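Architecture at a glance
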Amino acid sequence: WEGDERNAFTAAGRTDEENEAYDFLNNILNWRKNNEVVHYGKLKHFLPEDGVYVLFRYTEEKAVMLILNNNNKDAKEFETARFNEVLGSFKTGKDIISGKELTDLSKIKIEAKSAMIIDLMK
């Protein structure tokens, strides 16, 4: 704004931490706006277990799995069999946040105080 000492509307005007937050949101929001299943898919929640909450947005052809680990210090690894009602025919996925490919959905590990948004594929 006029009179401000710095311009946070550009990457050069932001701190490293602000750029990290900007890039994080930019990545997720751009992915979201072009993803029909997020807008129109059914929603299925599962009860949290051991501080880990999982939900899905899904259609017959497409699904997204959101995982939130609310544990302060502990990464959690868990088996996904209890989600088979939605995971059923999906074999692999890609974490939208990290870009990591998941080739085995039978067991997933998530770091403490973090989230994963997995774009599932058949």
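Residues numbered from 1 in each chain as written. Predicted model: local features only at pLDDT ≥ 70, side-chain atom pairs only at ≥ 80, totals over all residues. Heavy atoms only, no water.

Taken together, six strands build an open sheet; the order of strands is S1-S2-S3-S8-S5-S6 and the sheet is antiparallel. The sheet is open, and its two edges are formed by strand S1 (42-49) and strand S6 (101-102), each paired on a single side. (Pairing = 2+ DSSP bridges. Helix = DSSP H or I, 4+ residues; strand = E, 2+ residues; numbered from the N terminus.)

Quick look at helix H1 (residues 16-33) now. Along an α-helix, residues three or four apart share an orientation, since each turn contains 3.6 residues. End to end, H1 covers 26 Å across 18 residues, agreeing with the expected 26 Å (1.5 Å per residue, within 8%). Here H1 has its buried residues at Asn19, Ile28 and Trp31. In a view along the axis of H1, the buried residues occupy a sector of 155°, so they form one face of it. (Expected span 1.5 Å × (residues − 1). Buried < 20%, exposed > 50% of the residue type's maximum accessible area, 1.4 Å probe, protein only. Arc of directions from axis to C-beta.)

Bringing the pairing of strand S5 (residues 92-95) into the picture now. Of the two faces of S5, only one is covered, namely that formed by Gly93 and Asp95; the face formed by Thr92 and Lys94 stays uncovered. Sheet topology note: the S5/S6 ladder contains two bridges and is antiparallel. Of the residues in S6, the one forming a bridge with Lys94 is Glu101. Counting the residues between successive antiparallel strands, the hairpin from S5 to S6 contains five residues, one of them, Gly99, with a positive phi of roughly 85°.

A separate point is a negative patch on the surface. A cluster of acidic residues, Asp16, Glu17, Glu20 and Asp23, forms a negative patch at the surface. Mapped onto the elements, Glu17 comes out in helix H1. (Patch = residues over 30% accessible without salt bridge, like charges linked within 9 Å, V, L, I, M, F, W, Y side chains within 5 Å. Areas by Shrake-Rupley, 256 points an atom, 1.4 Å probe, with all protein chains shown as cover. Salt bridge = Lys/Arg side-chain N within 4 Å of Asp/Glu carboxyl O. Lys, Arg positive; Asp, Glu negative; His and termini not counted. Charge placed at Lys NZ, Arg CZ, Asp CG, Glu CD.)

Judged by nonpolar contacts, the single largest core of 19 residues is most densely connected at Phe56, Met65, Ile67 and Leu120. Within the residue set of this core, elements represented by two or more residues are strand S2 (52-58), strand S3 (63-69), helix H3 (84-87), strand S7 (107-110) and strand S8 (114-121). Residues contacting Phe56, with those up to four places away along its chain left out, are Lys42, Leu43, Lys44, Phe46, Val64, Met65, Phe83, Val86, Leu87 and Leu120. Counting residues in hydrophobic clusters, the runner-up holds seven residues, among them Ile28, Val38, Val64 and Ile96. (Core = buried A, V, L, I, M, F, W, Y, C linked by side-chain atoms within 4.5 Å. Contact = heavy atoms within 4.5 Å.)

Counting across every chain of the model gives five salt bridges. Among the ionic pairs, Glu18 bridges to Arg6, the shortest N-O distance being 2.7 Å. Remark: Arg6 occurs in the segment before H1 and Glu18 occurs in helix H1; sequence separation between them is twelve residues. Residue Glu18 is classed as partly exposed on the basis of its relative accessible area of 29%. Asp119 is paired through a salt bridge with Lys62; the nearest N and O atoms lie 2.5 Å apart.

Its place among the elements puts Phe83 in the loop between strand S4 (76-79) and H3. Those residues in contact with Phe83 that sit more than four places away from it in its chain are Phe46, Val54, Phe56, Met65 and Phe78.

Time to look at the packing of aromatic side chains. By the definition in use, this model includes four aromatic pairs. Ring geometry for Phe46 against Phe83: centres 4.8 Å apart, planes inclined by 85°, an arrangement best described as edge-to-face. Of this pair, Phe46 sits in strand S1 while Phe83 sits in the loop between S4 and H3, placing them 37 residues apart in sequence. Residue classification places Phe46 among the buried residues on the basis of a relative accessible area of 10%. On the basis of an interplanar angle of 85° and a centroid distance of 6.2 Å, the ring pair of Phe78 and Phe83 is categorised as edge-to-face. An identical accessibility class is assigned to Phe78 and Phe83; each is buried. (Phe/Tyr/Trp six-rings, centres within 6.5 Å; stacked < 30°, edge-to-face > 60°.)

Limitation: the analysis is restricted to geometry and does not speak to function.
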